[in-house]
Amino acid sequence: MVKISELQAKDVVSISDGKRLGQIGDLDIDLENGMIRSIIVPGGGRFLGMFGNGQDYVIPWSQIVKIGADVVLVEVRGSGDSHYLPPGSGSSSGGF
């Protein structure tokens, strides 16, 4: 079992190029099924996840390859599968 607070402390890294995307800032949860749909990683230029003009990475749960001790490895595919969330648009799940 992994707690949300433990996920927040891990770096999210793309396996395709080794790029550090950031840390998990939010989750998109399907409340009817009790499942996580995607993780949301605040884009660059953010301070405490609130201020800045970077766009967020929205990474579907299916693209998580491995949750390790220090990192979450993700396979970011084409723009049809994972995408940026426009600044200020927030997400439907709220913060944690």
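Look a little higher up for the structure.
Quantities reported herein were computed from a predicted structural model and do not represent experimental measurements.

A.B. asks: Can you walk me through the nonpolar core in this structure?
C.D. replies: Soluble globular proteins tend to pack their nonpolar side chains together in the buried interior. Counting 12 residues, the largest nonpolar core consists of Leu7, Val12, Leu21, Ile24, Leu27, Ile39, Val41, Tyr57, Ile59, Ile64, Val72 and Val74. Those elements giving two or more residues to this core turn out to be strand E4 (35-41), strand E5 (56-60) and strand E7 (71-74). Residues in contact with Val41, not counting those within four places in the same chain, are Val12, Leu21, Gly22, Gln23, Ile24, Gly25, Asp56, Tyr57 and Ile59.

A.B. asks: What is the right way to read the sheet that holds strand E1 (residues 11-14) from this model?
C.D. replies: Across a sheet, strands are paired by hydrogen bonds formed along the backbone, either parallel or antiparallel in direction. Ordered by their spatial adjacency, four strands build an open sheet running E2-E1-E7-E6, and the pairing between neighbours is mixed. If you trace the sheet from one side to the other, it starts and ends with strand E2 (20-23) and strand E6 (64-67), each paired once. Adjacent strand axes in the sheet meet at a mean angle of 25 degrees, parallel and antiparallel pairs treated alike. Sheet topology places E1 next to E7; four bridges connect them, and they run parallel.

A.B. asks: I'm lost on the environment of Lys66 in this one. Help?
C.D. replies: By the element assignment, Lys66 lies in strand E6. You can call Lys66 exposed: its relative accessible area is 51%. A sequence separation of 51 residues divides Lys66 from Ile15, and the C-alpha atoms of the two residues are 9.9 Å apart. Sequence-distant contacts of Lys66, defined by excluding residues within four places in its chain, comprise Val71, Val72 and Leu73.

A.B. asks: Help me understand the pairing of E1 in this model?
C.D. replies: Two faces belong to every sheet, and in a regular strand the side chains alternate between them. Where E1 and E2 come together, three bridges link them in antiparallel fashion. Residue pairing for E2: Val12 is matched across the bridge by Gly22. Following E1, the chain reverses through five residues before pairing antiparallel with E2; Gly18 in that reversal takes a positive phi of roughly 75 degrees.

A.B. asks: Got a minute to help me understand the side chain of Ser14 in this structure?
C.D. replies: Mapping Ser14 onto the fold places it in strand E1. Setting aside chain neighbours within four positions, we find Ser14 in contact with Lys19, Leu21, Val74 and Val76.

A.B. asks: Even after reading the chapter, I still don't get the pattern of salt bridges, so can you show me in this structure?
C.D. replies: Once the charged atoms of two side chains with opposite charge are near each other, the side chains can pair. Summed over all chains, the structure comprises two salt bridges. A salt bridge links Arg20 to Asp11; its shortest N-O distance comes to 3.0 Å. Classification of Arg20 by relative accessible area gives partly exposed; the value is 49%. Take Asp11: its relative accessible area is 22%, and that puts it in the partly exposed class.

A.B. asks: Looking at this model, I keep getting lost on a nonpolar patch on the surface. Mind explaining?
C.D. replies: Taken together, the side chains of Val2, Trp61 and Ile67 present a nonpolar region at the surface, about 230 Å² in accessible area. One can find Trp61 in the loop between E5 and E6. Since its relative accessible area comes to 33%, Trp61 is described here as partly exposed.

A.B. asks: Even after reading the chapter, I still don't get the pairing of E6, so can you show me in this structure?
C.D. replies: With three bridges joining them, E6 and E7 adopt antiparallel strand pairing. Considered in E7, the bridge of Lys66 is made with Leu73. In textbook terms, the turn of a hairpin is the stretch between consecutive antiparallel strands, and for E6 and E7 this stretch comprises three residues.

What counts, and at which threshold
- Residues numbered from 1 in each chain as written.
- Predicted model: local features only at pLDDT ≥ 70, side-chain atom pairs only at ≥ 80, totals over all residues.
- Heavy atoms only, no water.
- Core = buried A, V, L, I, M, F, W, Y, C linked by side-chain atoms within 4.5 Å.
- Buried < 20%, exposed > 50% of the residue type's maximum accessible area, 1.4 Å probe, protein only.
- Helix = DSSP H or I, 4+ residues; strand = E, 2+ residues; numbered from the N terminus.
- Contact = heavy atoms within 4.5 Å.
- Pairing = 2+ DSSP bridges.
- Axes fitted to C-alpha atoms, helices over the stretch in contact; angles between N-to-C directions.
- Salt bridge = Lys/Arg side-chain N within 4 Å of Asp/Glu carboxyl O.
- Patch = residues over 30% accessible without salt bridge, like charges linked within 9 Å, V, L, I, M, F, W, Y side chains within 5 Å.
- Areas by Shrake-Rupley, 256 points an atom, 1.4 Å probe, with all protein chains shown as cover.

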